[in-house]
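This is what each chain is made of:
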Amino acid sequence: MKLILPIPPSVNAAYANCAGRGRVKTKAYRAWIAAADAALLMQKRGLQRVAGPAKLVLSLPANLRGDCDNRIKAASDYLVSRELTSDDRHFVSVTARKSAHVEPGFCEIEVTAE
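Please read these numbers as outputs of a predicted model, since none were measured by experiment. (Residues numbered from 1 in each chain as written. Predicted model: local features only at pLDDT ≥ 70, side-chain atom pairs only at ≥ 80, totals over all residues. Heavy atoms only, no water.)

(A) Highlighting the packing of aromatic side chains. This model, assessed by the stated rule, comprises three aromatic pairs. Note on Tyr-15 and Tyr-29: the rings are 5.4 Å apart at their centroids and 75° apart in plane angle, and the pair reads as edge-to-face. Remark: Tyr-29 occurs in helix α2 (residues 27-43) and Tyr-15 occurs in strand β2 (residues 15-18); sequence separation between them is 14 residues. Their ring planes at 25° and their centres at 6.2 Å tell us that Tyr-29 and Trp-32 sit as a pair that is stacked. Pair noted here: Tyr-29 and Trp-32 are both in helix α2, with a separation of three residues, about one helical turn. You can call Tyr-29 buried: its relative accessible area is 3%. Residue classification places Trp-32 among the buried positions, given a relative accessible area of 5%. Cluster of aromatic residues (ring-pair linked, three or more members): Tyr-15, Tyr-29, Trp-32 and Tyr-78. Sitting over the face of the ring of Tyr-29, Lys-25 holds its NZ or CZ atom 5.6 Å from the ring centroid. (Phe/Tyr/Trp six-rings, centres within 6.5 Å; stacked < 30°, edge-to-face > 60°. Helix = DSSP H or I, 4+ residues; strand = E, 2+ residues; numbered from the N terminus. Buried < 20%, exposed > 50% of the residue type's maximum accessible area, 1.4 Å probe, protein only. Lys NZ or Arg CZ within 6 Å of the ring centre and 35° of its normal.)

(B) Structural context of the environment of Asn-17. Tracing the backbone through its elements, the reader meets Asn-17 in strand β2. For Asn-17, the contacting residues outside a window of four places in its chain are Gly-22 and Arg-23. (Contact = heavy atoms within 4.5 Å.)

(C) Layout of the sheet that holds strand β4 (residues 54-61). Strand order in the open sheet formed by four strands is β1-β6-β4-β5, and the pairing between neighbours is mixed. Because the sheet does not close on itself, it has two edges, and the strands there are β1 (2-6) and β5 (91-99). Each adjacent strand pair in this sheet contributes to an overall mean axis angle of 20°, direction not counted. Relative to strand β6 (residues 106-113), β1 is paired through five bridges, and the arrangement is antiparallel. Bridge assignment links Leu-3 to a residue of β6, and that residue is Ile-109. The strands touched by helix α3 (residues 72-81) are β1, β4, β5 and β6; relative to β4, the strand with the most contacts, the crossing angle is about 130°. (Pairing = 2+ DSSP bridges. Axes fitted to C-alpha atoms, helices over the stretch in contact; angles between N-to-C directions.)

Below you can see the structure in the form of structure tokens.
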């Protein structure tokens, strides 16, 4: 399965501490989920769910500022929440990389069964 989604927020920007509620999704994270849902709708035809052991590759634009690995959690949680993968604990390999082939503002997520 291969998807093109907006760049996920970093872990640092995805959650905030909220008195009496604990960790909550930030407004930016919720906005990204909505944008990712819109992108997913345009690509959903023909997508095959990947269950069980799998490899995840997250490709980000070469000009992205910040760490690649801070973007993995939001992307993998999104795949699980939309039932595109069974559970991120089944990922046997996770790779985050920058690539000149990825359009600015977007990421490519590829999940393959192991």
